[in-house]
Amino acid sequence: MDLEGVVRNHPIKRESWRAMLTLAYQSLGVVYGDLSTSPLYVFKSTFAEDIHHSETNEEIYGVLSFVFWTLTLVPLLKYVFIVLKADDNGEGGTFALYSLLCRHARVSSLPNCQAEDEELSAYKKDDFPSKSGLKSTLEKHTLLQKVLLILALIGACMVIGDGVLTPAISVFAAVSGLELSTSKQHHEYIEVPVACIILVFLFALQHYGTHRVAFLFAPIVLTWLLCISAIGLYNICYWNPRVFQAVSPYYMYKFLKKTQKGGWMSLGGILLCITGSEAMFADLGHFSQFSIKMAFTFIVYPSLILAYMGQAAYLSKHHIIDTDYRIGFYMSVPEKIRWPIFVIAILAAVVGSQAVITGTFSIIKQCSALGCFPPVKIVHTSSKIHGRIYIPEINWMLMLLCLAVTIGFRDTKRLGNASGLAVITVMLVTTCLMSLVIVLVWHKSVLLAIGFIFFFGSIEALYFSASLIKFLQGAWVPIALSFIFLVIKYIWHYGTLKKYENDVQNKVPINWLLSLSPNLGIVRVRGIGLIQTELVSGIPAIFSHFVTNLPAFHQILVFLCIKNVPVPHVHSSERFLVGRIGPKDYRIYRCIARYGYRDNHKDEYDFEKDLVCSIAEFIRGEKPDSGSDARQDDVEDEENLTVVGSFSSNLEGITICEDDEILDTVEIIGTSSDLKEVSSLEKPRKRVRFLVPDKSEINDAAQEELKDLMEAREAGMAFILGHSYVRAKSGSSFIKKIVIDYGYDFLRRNCRGQTYAFTVPHASTLEVGMVYHV
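The shown structure was predicted, so the numbers you read here are calculated from the model rather than taken from an experiment. (Residues numbered from 1 in each chain as written. Predicted model: local features only at pLDDT ≥ 70, side-chain atom pairs only at ≥ 80, totals over all residues. Heavy atoms only, no water.)

1. Examining the pattern of salt bridges
Phase 1: According to the stated counting rule, one finds 17 salt bridges in the structure shown.
Phase 2: In this structure, E58 engages K254 in a salt bridge whose closest nitrogen and oxygen atoms are separated by 3.6 Å. Note that E58 is positioned in helix α5 (residues 58-81) and K254 in helix α11 (residues 250-259), a separation of 196 residues in sequence.
Phase 3: Between R575 and D599 there is a salt bridge, with the nearest N and O atoms lying 3.5 Å from each other. With R575 in the loop between β4 (552-564) and β5 (576-580) and D599 in the loop between β6 (588-595) and α23 (604-621), the pair connects residues that are 24 residues apart, well separated along the chain.
Phase 4: With relative accessibility at 11%, the residue R575 sits in the buried group.
Phase 5: Through salt bridges that share partners, E58, E59, K254 and K258 make up one connected network. (Salt bridge = Lys/Arg side-chain N within 4 Å of Asp/Glu carboxyl O. Helix = DSSP H or I, 4+ residues; strand = E, 2+ residues; numbered from the N terminus. Buried < 20%, exposed > 50% of the residue type's maximum accessible area, 1.4 Å probe, protein only.)

2. With respect to the side chain of R594
Phase 1: With respect to the helices and strands, the residue R594 is situated in strand β6.
Phase 2: Within the structure, R594 has its side chain in polar contact with the backbone oxygen of E574 (distance 2.8 Å).
Phase 3: Sequence-distant contacts of R594, defined by excluding residues within four places in its chain, comprise E116, D117, L120, K563, V565, V570, E574, R575, L577 and V643. (Polar contact = N/O pair within 3.5 Å; in protein donor to acceptor, adjacent residues only side chain to side chain. Contact = heavy atoms within 4.5 Å.)

3. A few points about the packing of helix α10 (residues 217-239) against helix α15 (residues 289-315)
Phase 1: As a packed pair, α10 and α15 sit with axes 7 Å apart at the nearest point and diverge in direction by 40 degrees. Here α15 runs oblique to α10, going by the angle between their axes. The element α10 and its partner α15 pack so that their crossing is left-handed. Together, L222, L225, I228, S229, G232, L233, N235, I236 and W239 of α10 and I299, V300, S303, L304, L306, A307, M309, G310, A313 and Y314 of α15 make up the contact between the two elements.
Phase 2: When grouped by side-chain class, the residues that make up the contact of α10 with α15 number 14 nonpolar, five polar and no charged. (Axes fitted to C-alpha atoms, helices over the stretch in contact; angles between N-to-C directions. Parallel < 35°, antiparallel > 145°, perpendicular 65-115°, else oblique. Left-handed = near helix turned anticlockwise from the far one by under 90°. Nonpolar A, V, L, I, M, F, W, Y, C, P; charged D, E, K, R; others polar.)

4. What to know about unusual backbone geometry
Phase 1: Backbone geometry at N89 places phi at a positive 55 degrees, although glycine is not the residue there.
Phase 2: For N89, a relative accessible area of 26% translates into the label partly exposed.

5. Regarding the side chain of H104
Phase 1: Relative to the elements of secondary structure, H104 occurs in helix α6 (residues 94-104).
Phase 2: In this structure H104 comes out as buried when scored by relative accessible area, which is 9%.
Phase 3: For H104, the side chain forms a polar contact with the main-chain oxygen of L100, separated by 2.9 Å.

6. What about α15?
Phase 1: The first and last C-alpha atoms of α15 sit 37 Å apart over 27 residues, in line with the 39 Å expected at 1.5 Å per residue.
Phase 2: At F296, α15 shows its strongest bend, of approximately 40 degrees.
Phase 3: In terms of burial, α15 is a largely internal element, 20 of the 27 residues being buried. (Expected span 1.5 Å × (residues − 1). Bend = angle between axes of the 7 residues up to and from the residue.)

So far we have only geometry, and geometry alone does not tell us how the molecule works.
Structure, rendered in structure tokens:
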């Protein structure tokens, strides 16, 4: 439901308000779990080593002032009022901004883009051409396009790093309440094993899917927010009602003036108060803008401010603390309710970590869809909730890394240093991309974009420098993780791009195909031959390579290209582009299946039905004289691609009925009210029927072509997949040989194939090996 559209175009009715309140309530468990648990470790990380609070309370008021204004300027002002408006058809995140830029300036990293892609309803192309000098500069310089891609990849890599660090620091900070019942010498031996057990349980839960317990997420986070706000209000009234004066920015100046370098370094701890803010934008696709804004403005933001003020009020009256490790959140909790709060904190930390892990799976899926990460197995854990996915390899890798940093660091200080750098880097990337969106997408003044990046970039650069200075105290972890993932992503992207360029250079001219007889000079056997290719035009070299070595092929040939386009979702009615290669009697088609970077690929059986129906619908809708002059124009197949919807969406088109039982050898073709029966010469393996709309008129040639398609479908479908070996050509530089011969080859050998390739039956799959020299 497009709630934003309801609010924008119609008066708000009682039902729409109820729906928005429901979405706002649900967003608490998905979006704000990480942000809500930040009070567990902010003050402890800030006062861990760099500064100490004194009787004057200047340090405490200064930290509180920084926390207040950071929460106000970054999550509230930047994200709620500005960044959330830069959605990509309702989707958010780093790749949503990059996708917007790719569509408004020709800077896409996807090699097989077509003019037809710009006609998608989700593309939202400008009604008027932009004459921005920035746009022409980006389109002209390839180096700037690579920098833009690397910037988006860095943001995605830091999100993955955050997926390792956030569960570690959230769970560890939550179980740190055990330190109040043990001595300093023994609490580490209890906290670390308990935190590791919870983390193992959390990652093991991903395998079974969290949709069964997801209904508990929002109540847990809401209960947590109500508890910390109530405790904060109690501490303010009981210990120091004057703590509200710390809202004045003057206390930030006094804080930095007194603490100097120590105060600047402590900003790395203060930064943690906004960890999880990026989730407001990244998880936008699951909710509406208004619901996320409502939840943060009226629930999350006031609760966090009260919680931090309450902690500051307590610390302002407790300067003499015998041990530094007792400065954490639980000290400010009244002793009578400390253990119930401890349990709720652990549950809230698990919920917040769950949201970050799911976000990591999502960003990996988007990177893979845009050709920047090797294909991985994606399991959809919920049939009702879009976006609930599970990636086994990534899940267990995250678990091992999370356990490693938890056991290795064993304190919130170094975990906070690592997590803070990952968080602020993602925000810096968002700020940089948003400044480009302001000019290229919103068509605002360049001065406005400069003002945006100067104001918010200065704040984030200050925190970034404070985090980076702690490189040896834990900040090296996200840098190392991001570097490894960045290398993997760029090697895969570079190798994939070079392979595609080689495919384009070595594709077979259509004239070669047209020079053959309708039988292509080979034996045509029954069935449908599905030839996998990344080309959107021309004949792939794999086809000529195959027929040269094995002169036999299927009676129906389909060159299938499954490609991703720079939009989040492609409507099912625009899924396929279907065209004809050569004359009609050749029975050769091109089919391009288009998916957005957040779309879910169907399983093998549904995809086959969609594919066959799309070809049948193309045959039905083709003009009678179309294709007769194909020999005169070797690129006609590129110009005459027809948009055809999928089987489930094309209610007015041809539908297919299949029966796996061995029935009478009857083929049915005609309308749903007047069906004709045509006897078949051979006994098929399954019965296939095309049901044509009543008002449809089909000529004899199209009817004969549909009959051939039905016979081929009954005989079965074979997938012909290219198994490529990519090698650097002679004369290449040493670095290129390392990247292609070792890096890309290692990733290709150890990753999964395309989604539709490994789900088809092995008996129906034929791989053709080829060596590419790039």
